[in-house]
Amino acid sequence: MCRLVGYLGNSIQLDELLYKQEHSLYKQSYNPQELKSGVVCADGFGVGWYNEASKPFIYRNTIPLWNDPNIEELSNYVQSNCVVGYVRLAGSGETLDISNCQPFRSGKLLFVHNGEIENFQQTLYRPIRESLSDSTYQLIKGMTDSEHIFALLVEMWQSSLDRNLLSALRATLQKLTDLAKKHDTSFSANIIVSDGQAVAATRYAYRTEAPSLYWYCDHLKQPNQVIVASEPLFEQNWTAFPDQSTLFVQAESLQPTTSLFESAV
């Protein structure tokens, strides 16, 4: 299982999330506290951010975060008001290829996922692909279940009239649940997705347990930021995501709204 982080708020340097906190993403890469499978996240990492014009950028590598001095230099320079990042623990049979590293990007969307589809190649690999339009199908460059979930989310987002991140995320979870039931498999899907102006996140699973996920927003001490992370970055009042729940926050208000998601299955 990977470790994720997402941020929306006032502009900060990337190192605030990657390095500076007492349990930063860097620390979580080699000393995770709530990792249910594996020991360290050493199979690559990535970070995505938006500039002032809401254009997304990504930096990814197949080596461990602790072995890449370039991202440390970069994170001391780059500033952004919206960031997503992750450190990777590859699933069984997945290769260490840059195409399999997150964040994934399409247009303005940046996406990170923690979880897995059980027996992905034998169960939902083809059904997900068969549900995609030609243009969305072409987005897939690697072989991970994470990238296929992202392609499905892009499909849902592009087909929605209002291009609402939360509704697209909910539609993706519903489609995955429908497919998992039909093909007799299970999946977990902790997701953070952003378009630069909003962040939607979920802790969700079908017939299994979802990985840990938390969110932080303190309107008194730090009123201009919302953080989502697999594990708390520091010792303050983090809120654990309930099972089957979503969070949505927009840059214009920074007032997160949470809700439970009950699939129709």
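For the structure itself, consult the block above.
The following refers to the structure shown.

Here we come to the overall build of the chain. Within the chain, the regular secondary structure consists of seven helices and 15 strands. Here the C-alpha radius of gyration of the chain, 17 Å, is about what a compact globule of 265 residues would show, namely 18 Å. With the C-alpha coordinates of the chain rotated into their principal frame, the extents come out at 45 × 40 × 30 Å. The buried share of the chain, reckoned over its 265 residues, is 57%. Within the chain, contacts between residues at least 6 apart in sequence are counted, and of these 65% link residues at least 24 apart. One finds the centroid of the 20 positive side-chain charges in the chain at a distance of 5 Å from the centroid of its 29 negative side-chain charges.

The next point concerns the packing of aromatic side chains. Taken as a whole and judged by the stated rule, the model has 14 aromatic pairs. A centroid spacing of 5.3 Å and a plane angle of 35° characterise the contact between Y216 and W238, whose relative ring orientation is tilted. Remark: W238 occurs in the loop between β12 (222-229) and β13 (239-240) and Y216 occurs in strand β11 (residues 214-218); sequence separation between them is 22 residues. Overall, the relative accessible area of 13% leaves W238 in the buried class.

Strand order in the open sheet formed by six strands is β5-β6-β8-β9-β14-β15, with antiparallel pairing between adjacent strands. The open sheet has two edge strands, β5 (104-106) and β15 (257-260), and neither has a second partner. Each neighbouring strand pair of the sheet contributes to a mean axis angle of 15°, computed without reference to strand direction. For strand β8 (residues 190-194) and strand β9 (residues 198-203), the ladder comprises four bridges, and the chain directions are antiparallel. What sits directly across from S194, in β9, is V199. Lying on the sheet, helix α6 (residues 145-159) is in contact with β5, β6 (109-114) and β8; it crosses β6 at an angle near 140°.

Pairing is antiparallel in the open sheet, where seven strands are placed in the order β3-β2-β4-β1-β12-β11-β13. Both edges of this open sheet fall to β3 (56-61) and β13, since each of them pairs with a single strand only. Relative to β12, β11 runs antiparallel, the two being bridged by four bridges. The partner of Y216 across the bridge, within β12, is I227.

The rules behind these values
Residues numbered from 1 in each chain as written. Predicted model: local features only at pLDDT ≥ 70, side-chain atom pairs only at ≥ 80, totals over all residues. Heavy atoms only, no water. Helix = DSSP H or I, 4+ residues; strand = E, 2+ residues; numbered from the N terminus. Rg over C-alpha atoms; globule rule 2.2 N^0.38 Å. Buried < 20%, exposed > 50% of the residue type's maximum accessible area, 1.4 Å probe, protein only. Contact = heavy atoms within 4.5 Å. Lys, Arg positive; Asp, Glu negative; His and termini not counted. Charge placed at Lys NZ, Arg CZ, Asp CG, Glu CD. Phe/Tyr/Trp six-rings, centres within 6.5 Å; stacked < 30°, edge-to-face > 60°. Pairing = 2+ DSSP bridges. Axes fitted to C-alpha atoms, helices over the stretch in contact; angles between N-to-C directions.

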